[in-house]
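Spelled out from the first residue to the last, the chains are:
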Amino acid sequence: AMRGPGGEDHVGCIALLRLSHESDYLMSFIFEVYGSSILHDLSCLYQGLKTSELERGVGCDYGKGVTPISRRVVLKVISRLALYEMKETNDQSGKGGTILQQLLQAPLGE
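First things first, this report covers the structure right here in the doc. Source: prediction; values computed, not measured.

**Quick notes on the overall build of the protein chain**
Then, number 1: Broken down by element type, the protein chain carries five helices and zero strands.
Then, number 2: For the protein chain, the succession of helices and strands along the chain, N to C, is α-α-α-α-α.
Then, number 3: Expressed as a percentage of the 110 residues in the protein chain, the buried residues total 33%.
Then, number 4: When the accessible area of the protein chain is evaluated, it comes to approximately 7,000 Å², of which 57% is carbon and sulfur surface.

**A closer look at the environment of Arg 72**
Then, number 1: Among the secondary structure elements, Arg 72 is positioned in helix α4 (residues 68–89).
Then, number 2: With a relative accessible area of 46%, Arg 72 lands in the partly exposed category.

**Let's talk about the packing of aromatic side chains**
Then, number 1: All told, the structure shown has two aromatic pairs when counted by the stated rule.
Then, number 2: Between Tyr 25 and Phe 29 the ring centres are 4.9 Å apart and the planes differ by 90 degrees, which places this aromatic pair in the edge-to-face class. Of this pair, Tyr 25 and Phe 29 are both found in helix α2 (residues 24–34), four residues apart, which corresponds to roughly one turn of the helix.
Then, number 3: Owing to a relative accessible area of 33%, Phe 29 belongs among the partly exposed residues under this scheme.

**Focus on the pattern of salt bridges**
Then, number 1: Applying the stated criterion across every chain, the model contains three salt bridges.
Then, number 2: Across the pair Glu 22 and Arg 18 runs a salt bridge, and its minimum N-O distance is 3.1 Å. Taken as a pair, Glu 22 and Arg 18 lie in helix α1 (residues 7–22) at a separation of four residues, close to a single helical turn.
Then, number 3: For Arg 18, a relative accessible area of 51% corresponds to the exposed category.
Then, number 4: The partner of Arg 80 in a salt bridge is Asp 24, and the shortest N-O contact between them spans 3.7 Å. Taken as a pair, Arg 80 in helix α4 and Asp 24 in helix α2 lie far apart in primary sequence, 56 residues in all.
Then, number 5: Overall, the relative accessible area of 30% leaves Arg 80 in the partly exposed class.
Then, number 6: Counted as one network, the salt bridges with shared partners bring together Asp 24, Arg 80 and Lys 87.

Criteria and thresholds
Residues numbered from 1 in each chain as written. Predicted model: local features only at pLDDT ≥ 70, side-chain atom pairs only at ≥ 80, totals over all residues. Heavy atoms only, no water. Helix = DSSP H or I, 4+ residues; strand = E, 2+ residues; numbered from the N terminus. Buried < 20%, exposed > 50% of the residue type's maximum accessible area, 1.4 Å probe, protein only. Areas by Shrake-Rupley, 256 points an atom, 1.4 Å probe, with all protein chains shown as cover. Phe/Tyr/Trp six-rings, centres within 6.5 Å; stacked < 30°, edge-to-face > 60°. Salt bridge = Lys/Arg side-chain N within 4 Å of Asp/Glu carboxyl O.

Quick look at the structure:
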């Protein structure tokens, strides 16, 4: 994965995926270290990656940003962390619910 353009970024996305999907124990440490602000930070990262991808244009796999699959991996991480946060706090309208709602409604507004 690291040999292609953006390979280092993709490896970083895979590391995030492993942290969020390996176990609930690791996910609890993510929130313990970073707090629920990690959801906002990752959401901003995702939006920035999507903007870069749109600026780069269709069919161009080099330049600014990451590959679409890397961006989707980040989206999967955000979703998993948001659902975990909602489950742990028993609050569907908390930060996790808000982030998920924003991510789901964003494509509808495009």
